[in-house]
Every structure is written in structure tokens, then in C-alpha cells.
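Residue strings, one per chain:
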Amino acid sequence: MSTAAAVSGRSEGLERRLGAWKPVLIAGLLAGFVSLYVTLVGIVGTFQEREIVEDVVTVGEAVLVLTAVLAGYVGARRAPGGVLNAIVGSALVGLMAGAALSLLIILGPMVDLRAYLPNASPDLYELISGAELLGVEDARDMWRGEAFPITFWFPALVGMSLGALGGLLALLPRTPRVLILVSVAAIVGMGLFSSILRSPMLQRDATAGIARELFASNGLTITGVVLILGIVIAVYLVHRLVQPTRRFRALPRETQRHPAIVIPAGALALLIVLLLPLGFTGFIPSVIALIALYALMGLGLNITLGMAGLLDLGFVAFFAVGAYTTALLTSTGELGIAQWPFFVAIPFAMLVAMGFGILLGLPILGIRGDYLAIATLGFGEIISILARSDLLKETIGGPRGILNVPKPLASVGVDIPPDHFLAGPNQIYYISLICIAVIAFIAVRLRDSRLGRAWVAIREDEDVAEALGINLVQTKSLAYMLGAAFAGLGGAVFAALFGSIISSSINLNVSILIVTIVVIGGMGSIPGVVLGAIVIIGLPELFREFAEYRFLLYGIALILVMHWRPEGLLPSRVGREALYHEEQTMEGEPSGPPPPDPADIEPATSSSGGA
Amino acid sequence: MRTTLRTRRAPSRTETAFEAAVSAFLWAFRIVLVLIVVVGSVITISSGKFTLETWVDLVVKGAVQGGIYALIALGYTMVYGIMRMINFAHGEVFMIGIFSGYFAAEILDELGILNANVVASLFSFLLMMAIAACVSTLVALAVERVAYRPLRNSPRLVLLISAIGASFFLQYTVAGLVGPGIFRYPTIDILEEKVGLPVISALGMSWIQVVVIVSALVMMAVLYLFVMRSKIGTAIRAVSEDKQTAALMGIDVNRAIVTTFAVGAAMAGAAGVLYGLLFGQVQFYTGFIPGIKAFTAAVLGGIGNIPGAMVGGFVLGEAESIGSLLIIDGLGVPGSGQLKDVIAFTILVMVLMFRPQGILGERLSRSRA
Amino acid sequence: MALLETRNATKRFGGLMAVNDLTFDLDEGAIVSVIGPNGAGKTTFFNCIAGFYQIDEGSITLDGTEIQQLRPDKIARLGLSRTYQNIRLFGGMTATENVLVGQHQHLDASWIHAVLRTRDQRAEEAEALAEAGRLLDYVGLAGRHDRLASNMPDGDQRRLEIARALGTNPRILLLDEPTAGMNPAETHEMTALIRRLRDDLGITILLIEHEMRVVMDISERITVLDYGQRIAEGTPAQIQRDQRVIEAYLGRAAAEAEAERVEAQAEAERVEAQAEAAPRDTQAQDESAEAQAQASADPATKD
């Protein structure tokens, strides 16, 4: 009897101790899942081509290594207290991350996984089993042949060590940990950017030598890595000793905003923005132009989504209207009807888009929030179907589209020699910049006006706004109309940038891209939208291998941003406050209809008994 | 005091003119739509271009397509009912169902079971449905756990954007895992045969078409009973009605929501197999458009209403199938088939405009909801 | 003719009659309270007047215009404004901006004027801003104009809701429990403010209130609802003597008080040391206080 109690007591204690490790085990399972995911979805394989440090580590390898280290870091944080427990926990999670790949090595070939998941290729097995590092000759058979036990254990053991490393990182005091993380981030970042930085530097004699020292043809050189580490430490020391940001923040607000600081800083920023594309050659200027174009469209949607809170998933509809109108009016090809100058066509395109905005908007703007999203999505689809259809083929060319849309300056008869700095995408860049300035100006002016306030009011609480005398349909339709006009402007510039518009450019992904830009940058925030365009458009354009995984990463980014920072990366004050505020008031009222006071509708059962 | 506080009194006047213009516009919009439908139909019917067989065939196809819409729509309608959000990822859950069925069928085919004999084929079919339902459910629960549950108390816009993120994540995960190509579904031969039964043979239906319609009806009935009769079904209805009160009454809100997602996803997964067998191919973005159309069906029938999803699905299927020929072709538009999808989205917009509560939906507490 | 007239208004939620055949007059310049036990349909009645719900039967007229079919913004334009039981401010805006939103319908400048910032628009904005400032000072929020609404304490938020409603320049103001959650001093200030709204600005006041002292103190007439129906109407003195009201209130309240007493006793037996401080639901406490006020018909609270 007493022994049984003792046993059960002991097992209870054991259970409790095991219970404390449950979060660690869950983290381990998740880590294993993530490492399988990144390999099988093809990210690791695709990024094998690009190296961070030449002949040392590729991007693909870095993804796996960082997964294991991060897993270890999480494991250490979740383990029950104590240094030893943290190390054990991190190693365990790292082990599980690696063990998942070990299982893949055995089971993959056994069930002929490749027939279903093409990424489970011999190359992948070779990579994750460390064939090269271990010097296994017959890579093709290694997971069956003599080397098998080693290759099987390799990912698990490596995962365990990397996990422990991550655990150590978690145990380090803040300063060295931050230093290490920043160094790693700097090396990975510079490694990714190396080819982009290298080619313009090679073209100038002054910088060519440096470029050769730092950058290999693919990734960084060892010298480069050392130099980056040196710079990171130097910057850190300077920062530590001088503390410029803290000193600046400590200054009174008036001093921070003093013209002597603001004007030179603004002028410098303007100069950088204006001269930006001149420093690059090759495909970079067109990437910059594309970023500017998407920033312009993002700012247009920012009025609808960011300010008025209308989730418009049909942006592409007005984009298409603007692009096709401009193409029809300016094209010198067979489908062109007027051969107007670009600058005359633009206001016309905007007006037509605005007209479509009213036409499509009025019937649906009385609908509440999320229905609006799906209705606008429907519009986007209708327009893209129409663009492809035989119905309009004779007017807008169907899949072949409208060609020979002249560059803006060419359309007004200004001949530019091909080597002039305005010849290529740069003129689109400058036109986009002007448009961005205009839209930003309009947005700022409206924000502090009757209309802007009404938009914010509608976004925060539609019912109360209406009860204060705001006509919802009219106010929303203005936002929708302006958004449509700027979408049309974006389409017009798009047609000029590519010199044509074809029906395959008109698809849902355009809408999603722009929504992503606005949401990730920061709803309602102009700098946020620009940052969003740089991140969402710029990065994938710079890393072409990445193209396949663009939308995958956008999807993840959208979820994560909504999770951790629903106000976006660079939020506006209003957006930030609004979201937090809404979170509080929405708790009991997830539904749109006004809150019927439950106590007021239903007679409380407890009190009716006495009546 | 009065004069020092106030500066002006009269409300601005532009609004009334605007209101009048809007209502005139909306009337014109309605009239044009009705005219298009009537004129198109009259021309088509009077031209006698199409035989009765064509129409019967279209009706059958519409019903079959509608059955699939209805099954997907259930997931939308239940999730909307309980969480007041459009589960954008539901179309992807459906697509994953199609793929799961595909892989199951491939393996069964390799093992020589798929078309061995009638019993084996039937077993294979049921197994495919079960596997697809399970995989879809797992995926939907993972999405709910990761993308929705942490945001349950956030503004609806946040939840909606997260749902769009989840949708893209699933789509491109599948593209990454299996590749972006088109996958041809293996056929189950007996399902391709024409039905030899008396009445049905007159309609020229194949077994797969019959199976789709019958399984849609059966699953719908089972689901209805589940929601109306079972304990957890009652909990789901209570939570749909009022989350807070339900929680106060001791109902496990979490469990109700999770069950809703699971049931909806299982239906979508099963619908995926039916879709695959019916149309014979699948690609990573196959789920998106049917997903949105199924949402249209849910809205059409009355969101949150299970029989409504059924009715909406069938109505939408028929409208698409018949409408493209009846209306668009009648107006002399080339390539009427291409514009099939336009009909669905036009219906969506029209329902939202004129009868937002749907065919079977109750009026929400505020008539303009 | 009364300023606001309700004739046989009925609002159903499913089978439940939230407002049942209600006929009600509100004379211009009056201060009238609607009281009734929890669930009597008071807030629903407000929602029907303000256009949030559409009544199923009957009519509501505001100064001769039928409003039961109108949207809330139209009703606001006719001069009716309201506050909310669970405060619903625009939390991301400052106090001033909240009031400016209230002034929306009195501003004319179109968006083009706003973009060009024409002289008219600037003048209008300046005027509106000045008026917002005056309104905020008037309700007692001087020096707090630029605070974010969500960061204000509850009492200030209730004042801000009134200022925002005043921005619409109402003839009738519906106040839904304006003193909920306030301490006696704040309650007193709020009562004074409500009275000033009528005396200074000539605004007709209709309020829902639970605090009987406030109701008896401020109201000229009182309407009592129970199960969506009007069970009594009259001056505070009449209401206090009305048998049906006492029954409706006392019957329930007494039963509740009894139940609570038993519960408290049980609690006391369990935790002897804390017998005095047996934890109670604040809501129940309020109600029992209310019941006491009713039961004793305290002469001190009479006009």
C-alpha cells in the first residue's frame, strides 16, 4: 500500500518533470517540421546556387543551419530553468530538427518520395547527409551503402550541435549576443547583395580593386567576411562610446525639428532619391523604377485601405483600365487609336479609371467590410477575364495585348539618345517620383480635412460615424474613387514602363501585391508604403531565384505581420492607435452589426422569477 | 451662451443631390441587368439554335458543378457564421483535398487496386475521399491554430489579411512541394460509364455525376443533422449566436470553432476528390476560383445557413452552366464560354446589392447589414 | 405636437418583443428619463430612435418628419444625436478630432478644396477648430483637447462623447447611462452639465439612467419600461408612488436582494474571518442600492 503510494508519488513527480519538458518537445517537433518544410518545398535546393561566402557556405545551407540554431535558441528559452537544462533543451530541439532530415534520408528513397515531391532529389540527399563534407564517394548510393550509418547520423548530430550553439547564444549576455546576431545578419546580407554591389564597382577603376578583394564572383571572399566583422565591431564600439541616437533622442523636440537639422537632412535625402538610379547600371535601374511604380500604386491603395479601411482586392481592375486606356491612346502600333502624348493621356486614363471606380463602387459600398473584399475581388476577376476574352480582342488585343506604347518623353517628340540617363527606365522613375509626391501631398492634405477625419471615423466605428451624420456611401465612394484614379495612374505608368500591356499582366496577384505592400509597410503611413514597396518589390527582383517563392514568403509575411505588428513596419500614429483601440472594443463584438445590449434584449432569467 | 458656442447651423446641402444620383444610378443598373438577361434569353430561345438535349446536358452539368460548390460553401458558411470572417484559405484546403485524392489514387493505381474490379474501385473511391478529408482537416486545423486563433480578438481586417496570407502560403507551398505543373487524375473506369438506370439514362448522366450529386446531398443532410441534433452542433450554433454568452454558459468556444473548421474542411476535402474525378486535372491554384465561387454560393444562399449553402451552390452551378449559353451567347458575344466566370461574380455583386441576406437568410438585426 | 413622437412602436428579435407597442412623446425643451429593470428594452428603444434598428411596426416622428425608415445619418441631420452605454469614441483620434468628426455635417468644403487648401476651407477649418475647442471647454475638458480619446479616463470619455454629440448641433440628445461608473462627485458634475445643456443650449434631453438619485433629481418626467412595454409615465413624484413601478422594480430587486443575502450568509459561514467583506458582484450591489432607494422612497431625493 505504502510502496504503491510511493511509486505513484514518484511517477507523479516524474510526470511533472516530463510535463515541464513538453514545450521543448513541441518546439522540437515544430523545428523538425520546419527543416523538412524548407527542404521539401525546394527553398534549400534552389538557394544552393547562390553562395554567401565563396566555397564556404551557400544560401541554402545557411537556411538549414540557421533553422537549427534558431531551434536551439527557442529550445533553450523553453526549457525549465537552469543552464544545464537550457543546453540540454537546445540540443534536444536541434537534434529533432536534424533527425527529421535523417528520417528523410532513410525513408525518402525507400518510398520513392521523389515521384511525388520532386525536390526530394539525390542532390538534396547528398546535401543533407553531408556527403561532400564526409568525403563519401558514391553519393548516389550513400544512404544505402557502407557510409550509411554516418550519413544517417550526420544531420541529427549536426543539428544537435547547432542547436546547442543556439542554446549557448541564448545564454550569452545581451551585448555579445546582439553583436553576434548583427554580425551574422551583416554577413548574410552582404553575401546576398554581393553580386549587385560588385558589378557597378567593377566598372569604375577606383572601386574595381576593392570589389575584387571583397566579392568573389558568387558571394563574399574571406577577406570580405573579415572586413565586415571589423566594420560591425567598429560601428558597435563607436555607437557604444558616442551613443549618437540616444543623444539625439535626448535633445528637446524643438531642437530635433530645428531647421538647421531638418533642411540639410531633407536635402540630402532628396538628393539621394534623385541620384539613386544614376549610380547603377544593368537591370538595377529598372528595378528601382519598378519599386517607384509600386510605391505609387501602394500610395493609391493606401487612401482606400489605409485611410478609409476598405479592403479593396480589386485594385487590378482599375490598374487595367488605366493601362489599357493609356495604351490605346498613345500606342503607335496597330491598336492605337489616337497617338496622344503620354502626358495628355494620363489625366484621361485617371478619369476613366475613376469613372469605373464610381460605376463599380456605388452598388457595393453600402456593404460591410469583408463582403466588400470579396465583391472587389470579383471585379478584379471580371476585368481580367474581359481582358483575355475574345469579346474585347479586337479592341485591346487579348493575350497579345497592345504593343508599341512609346516612352513618355518620346511620345511628346523629345528624342533621347540611347545612352542618355533619361533613356531607359529612369524617365519612368522620375515620372513615378513626381506622381508619388503628388499623391503623398493629396493624402496629407486630406488627412487633416473633413473627409480624412470621416474616413478614419468610418474605419474605427462605422455605426457611430453614421450616427454622427456621415453619409457612409458617399464618403466611402470618394475613397474608392481616388484609389481607383491612382490605380489607373499606376496602370498608365506601367504601360509606359514596359512599352506594352498584355492580358496576362492583369491578374489577382497585382491586387495582392499592392495590398501586401500597404499592409506590411503600415496602413495609412506614407513612409511605410514606400518601405513596403522596397521590401515587397525590390527584394524579389534582386534575387531572381527567389521568384518562385515570392508569394509563399508574402503569405508568411502577411500572417507574421498581422500577428506581431498589425500596424505594419512603419506605422502612422493613427493606424497604430486605431488598431490597439479597436482590439479593446472589438473583443465582445466581433460582428459588424451594432451591439445589441444582450442584457437589454433578453430579460434576465434570474430576475424575472421575482416579478 | 448659445451664440458663443456655435458658429453655424445649417447642414451642408450637397448630400441630397448625391443621394438622388446614387439611387437613380442603382435603378439604371438594375434595369440594365434585367434587360441583358431578358433580351439575351429571348434571342437565344427564339433562335432555336440549341436542342433540348443541349439544355438537359447543361442542367445536369450545372447540378453537378453546383453540388461541388455546395460542399465547399458549407465550410465558408459555417466558419463565417461562427467567426464572422471569410476564410480565404478554404479554397486552398479544397485544393489540398484534390491533391490528396490524386496521390491516393496514384498509389492505388500503382498497386493495381484502383480499377481491379467494382468492389476494389468503390473501396478506392471511398478511401480517396477519406484520405482527402483527413488531410484537408489537418491542414485547416493547422491554419486555424497558426493564422486565426491568435488573432481572434483582433479587428476583422487583421483576421482577413491573415487569411489571405494563409491562402497564398498554402497555394505556393503546394506549388513548391509538388511542382507547378498540371497533374492528370487517374480515372476510375466504372465511374466514367453512363448510368443504365431507367430515368437517369434519359439524362445521359455518367456515374461520377450521379455520385457527386448524391454524395453532396447525403453529406449535406448528415451535416445538417450533426449541427441541429448533436451536442457539439448545438454548441456551434450557440457560439455563432453570441460568443460571449455561450462562453458564460460553459460552452467550450474553442472546441466549437475547431470543430467547425474540421467539419468544413472535411467536406471540402471530399469535394476535392469529386472535383478531381470530374474534371480530371489539378494544379496548385485550382482551388482559388472555385473557392471564391463557393463563397458566392454561400452568400447567395444566406451566409451562416446550411441549407442555404446547398441551395446557393446548386443555383450558382445552374446559373453558370445555363447562363453563359442562354444570355451571353444570345447577345451575340463571341466566346461565351470564356465569360462563364463573369456570371458568377456578377451574381455575387447583385446578391450583395439587392438581397444581402441571401435566398434563405434571415434579415440581420440591421436591415442593411 | 411633441418634438419626438413614438406611436405603437414594436421591435422584435425573433420571438422576443424588445419594444412592444410603445407610444411615447418627448416635448421640446424637456428632460425625460427612461428607466426600467435590466432587459426592459431601453437601449433597444434608443437604437430604434437613432435609426440603428428599424422598428417592425408603428411610427417615430421627429418634428413632424417620419424617421423610422431613415438611415442614422439622415436622422442625425434632422437634429438627433446620442451617446453610448459602452463608450464608443474614435480611440485613435484626439479629443478635438472626435468633436470635429461630430461637426462633419456642418462643414461644406469638398475634398478638392481640402487638397488645394483654399481660403474658404482654411477659414472653415479654423472656425470648426475653434468651435470644437469651445465645446470641449464647455463639457469640462479644458486643457485636455489633444489627448487621445483612448487614453482618457472613463469620466472624461463620457464628457467627450457628449461634446462630440454636441458637434452635430442636436435638438435632441439621447444619453445612454451618462453617469455609469462615476463616483458621486463626478455624477453631480454630470447632472449639472446635462441640466446646462438644456438651460443654456435649449437641447431636449432623453436619458436612460440606472442611478435613481440622478433620475429623480434631474428628470421632469419619467417613462418606465418593462418587457418592452411602458408601464408608467409621470413626474418623479408620481413614479415613486406608482404601484406597478414599485412592483416591477421591487419584486425583482427584493428577490435578488434576498438571494444575495443568502449567498452572503453562506459565504460568511465558509470564511468566518471575512464575513464582513464577503465578495459581491458590483452589479448586484448597485441593484440592491437601487432597490433600497426605491423601497424607502427616500424623501431626500425628491424634487
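The residue numbering used here restarts from 1 in each chain and proceeds along that chain's sequence as written. Starting at A for chains and at 1 for ligands, labels are handed out in the order in which the entities are written. Reporting in this predicted model follows two pLDDT cut-offs: at least 70 for local features of residues, and 80 or more for side-chain atom pairs to be given and counted; totals over whole chains, interfaces and linings ignore these cut-offs and use all residues.

Draft legend 1. Representation of the overall build of chain A. Along chain A, the regular secondary structure elements total 29 helices and two strands. Pairs at least 24 apart in sequence give 75% of the contacts found in chain A among residues at least 6 apart. Every helix listed is a DSSP run of H or I at least four residues long, and every strand listed is a run of E at least two residues long, numbered separately from the N terminus. The contact rule is simple: place each C-beta atom from the backbone, and if two of them lie within 7 Å, those residues are in contact.

Draft legend 2. Summary view of the overall build of chain B. Helix and strand counts for chain B stand at 15 helices and two strands. Put simply, chain B has 369 residues, and 49% of those count as buried. Counting only contacts in chain B whose residues sit at least 6 apart along the sequence, the fraction spanning at least 24 positions is 77%. To sort residues by burial, count the other C-beta atoms lying within 10 Å of each one's C-beta; a count of 20 or more means buried, 12 or fewer means exposed, and anything in between means partly exposed. C-beta atoms are built from the backbone.

Draft legend 3. Local environment of the sheet that holds strand β10 (residues 229–234) of chain C. All names here are of chain C. Strands are treated as partners if at least two bridges between them are detected by DSSP. Reading across the sheet, the six strands line up as β6-β7-β8-β3-β9-β10 and stay open at both edges, with mixed pairing between neighbours. Looking at strand neighbours, the two that pair on one side only are β6 (80–82) and β10, the edges of this open sheet. Averaged over all neighbouring strand pairs, the angle between strand axes comes to 20 degrees, with direction disregarded. Pairing between strand β3 (residues 31–35) and strand β9 (residues 221–226): four bridges, direction parallel. Looking at the pairing, Ser33 lines up with Ile222 of β9. Lying on the sheet, helix α7 (residues 184–201) is in contact with β3, β7 (172–176) and β8 (204–208); it crosses β8 at an angle near 155 degrees. Lines fitted to C-alpha atoms define the axes, with helix axes restricted to the stretch in contact, and inter-axis angles between N-to-C directions lie between 0 and 180 degrees.

Draft legend 4. Quick peek at the nonpolar core. What makes a nonpolar core is a set of buried Ala, Val, Leu, Ile, Met, Phe, Trp, Tyr and Cys residues, with links drawn between C-beta atoms within 7 Å. In this structure, Leu293, Leu296, Ala353 and Val493 of chain A together with Ala70, Leu71 and Ala270 of chain B are the most contacted members of the largest nonpolar core, which totals 373 residues. Not counting residues up to four positions away in its chain, the partners in contact with Val493 of chain A are Leu293, Leu296, Ile428, Ile431, Ser432 and Cys435 of chain A.

Draft legend 5. Region of interest: helix α4 (residues 83–110) of chain A. Residue and element names in this part refer to chain A. Expected span, for any helix, means 1.5 Å times one less than how many residues it has. For α4, which comprises 28 residues, the first-to-last C-alpha distance of 40 Å matches the rise-based estimate of 40 Å (1.5 Å per residue) to within 8%. A maximum bend of about 30 degrees is found in α4 at Leu104. Backbone geometry just after α4 places Asp112 at a positive phi near 55 degrees. Here the bend at a residue means the angle between the axes of two seven-residue stretches, the one that ends at it and the one that starts at it.

Draft legend 6. Representation of the sheet that holds strand β5 (residues 65–66) of chain C within the structure. Residue and element names in this part refer to chain C. Ordered in space as β2-β1-β4-β5, the four strands form an open sheet in which the pairing is antiparallel. Pairing within the sheet leaves two strands with one partner each, and these edge strands are β2 (16–26) and β5. Summarising the sheet, strand β1 (residues 4–13) and β2 pair through seven bridges and their orientation is antiparallel. Looking at the pairing, Arg12 lines up with Met17 of β2. Contacting β1, β2 and β4 (57–62), helix α1 (residues 42–50) runs over the sheet at an angle of about 65 degrees to β2.

Draft legend 7. Looking closely at the interface of chain A and chain B. Residue-level contacts link 57 residues of chain A with 57 residues of chain B. Residue assignment for the side of chain A that touches chain B shows that the elements contributing at least two residues are α16 (342–364), α17 (369–388), α23 (472–498), α24 (508–521), α26 (550–564) and α27 (573–586) of chain A. The element best represented in the side of chain A that touches chain B is α17 of chain A, accounting for eleven residues. Class assignment of the residues belonging to the side of chain A that touches chain B gives a composition of 37 nonpolar, 13 polar and seven charged. Residues are sorted three ways: Asp, Glu, Lys and Arg are charged, Ala, Val, Leu, Ile, Met, Phe, Trp, Tyr, Cys and Pro are nonpolar, and all the rest, Gly among them, are polar.

Draft legend 8. Structural context of helix α12 (residues 253–279) of chain B. Residues and elements named next belong to chain B. In this model α12 runs 38 Å from its N-terminal to its C-terminal C-alpha over 27 residues, within 8% of the 39 Å that 1.5 Å per residue would give. Most of α12 is tucked away, with 20 of its 27 residues classed as buried. The positive-phi residue at the C-terminal boundary of α12 is Gly280, with phi of around 75 degrees.

Draft legend 9. Quick peek at unusual backbone geometry. Residues and elements named next belong to chain C. One non-glycine residue with positive phi stands out, namely Arg117, at about 45 degrees. In this fold, Arg117 is placed in the loop between α4 (111–116) and α5 (119–139). The partly exposed category is assigned to Arg117, around which 14 C-beta atoms lie within 10 Å.

Draft legend 10. Inspection of the confidence of the model for chain A at higher detail. As a per-residue measure, pLDDT tells how confident the predictor is, with possible values from 0 to 100. For chain A, the average pLDDT comes to 83, and 89% of its residues sit at 70 or higher. Residue range residues 574–611 of chain A is modelled with pLDDT below 50. Its contacts to residues more than four positions away, or to other chains, number 90 contacts.

Draft legend 11. Geometry of the packing of helix α14 (residues 284–307) of chain A against α24 of chain A. Residues and elements named next belong to chain A. Between α14 and α24, the least distance of the axes is 9 Å, while the angle of their chain directions is 75 degrees. With respect to each other, α14 and α24 are oriented roughly perpendicular. On the side of α14, the interface is formed by Tyr294, Met297, Gly298, Leu301, Asn302, Leu305 and Gly306, while α24 contributes Ile514, Val515, Ile517, Val518 and Gly521. Each residue belonging to the contact of α14 with α24 can be placed in one class, and the counts come to eight nonpolar, four polar and no charged. Here is the rule for angles: anything less than 35 degrees is roughly parallel, anything more than 145 is roughly antiparallel, 65 through 115 is roughly perpendicular, and the remaining ranges are oblique.

Draft legend 12. How the structure looks around the pairing of β9 of chain C. Residue and element names in this part refer to chain C. With five of its six residues buried, β9 lies for the most part within the structure. Pairing of β9 with β10 involves five bridges; the strand directions are antiparallel. Bridge pairing links Leu225 to Arg230 in β10. Adjacent in sequence and paired antiparallel, β9 and β10 are bridged by two residues, among which Tyr227 carries a positive phi angle near 50 degrees.

Draft legend 13. Summary view of the confidence of the model for chain B. Residues and elements named next belong to chain B. Confidence along chain B averages 86 in pLDDT terms, with 93% of residues attaining 70 or more. Mean pLDDT in chain B bottoms out at helix α1 (residues 2–5), which sits at 50, and peaks at helix α4 (residues 90–110), which reaches 95. Taken together, the stretch residues 363–369 has pLDDT below 50 and engages in 18 contacts with residues farther than four places along the chain or on a different chain. The ipTM for the predicted assembly is 0.90, set against a pTM of 0.85.

Draft legend 14. View of the environment of Ala28 of chain B. Residues and elements named next belong to chain B. Structurally, the position occupied by Ala28 is in helix α2 (residues 14–47). Here Ala28 falls in the exposed class, since 10 other C-beta atoms lie within 10 Å of it. For Ala28 and Thr137, which are 109 residues apart along the polypeptide, the C-alpha to C-alpha distance reads 45 Å.

Draft legend 15. Geometry of the environment of Phe283 of chain A. Residue and element names in this part refer to chain A. For Phe283, the position within the fold is in the loop between α13 (259–275) and α14. Owing to 14 C-beta atoms within 10 Å, Phe283 belongs among the partly exposed residues under this scheme. Sequence separation of Phe283 and Leu542 is 259 residues, and the distance between their C-alpha atoms is 9.0 Å.

Draft legend 16. Molecular detail of the environment of Glu177 of chain C. Inspection of the secondary structure assignment puts Glu177 of chain C in the loop between β7 and α7. If we ignore the near neighbours within four places in the chain, the residues touching Glu177 of chain C are Gln85, Ile208, Glu209 and His210 of chain C.

Draft legend 17. Here's a closer look at the pairing of β4 of chain C. Residues and elements named next belong to chain C. Pairing analysis gives five bridges linking β1 to β4, with the strands arranged antiparallel. Note that in β4 the partner of Glu5 across the bridge is Thr61. In the sheet, β4 pairs with β5 via two bridges, with the strands oriented antiparallel. Looking across to β5, one finds that Leu62 is bridged to Thr65. In this antiparallel pair of consecutive strands, β4 and β5, the connection spans two residues, and Asp63 shows a positive phi of 50 degrees.

Draft legend 18. Focus on the packing of helix α13 (residues 288–301) of chain B against helix α14 (residues 306–329) of chain B. Residue and element names in this part refer to chain B. Where α13 contacts α14, the two axes come as close as 7 Å, and the packing angle between them is 120 degrees. Here α14 runs oblique to α13, going by the angle between their axes. Like other packed secondary-structure pairs, α13 and α14 cross with a definite hand, here right-handed. Across from Lys293, Thr296, Ala297, Ala298, Leu300 and Gly301 in α13, the residues of α14 making contact are Gly308, Ala309, Met310, Val311, Gly312, Gly313, Val315 and Leu316. Looking at the contact of α13 with α14 residue by residue, the class counts come to eight nonpolar, five polar and one charged. By convention, the crossing between two helices is left-handed when the near helix turns anticlockwise from the far helix through less than a right angle, and right-handed when the turn is clockwise.

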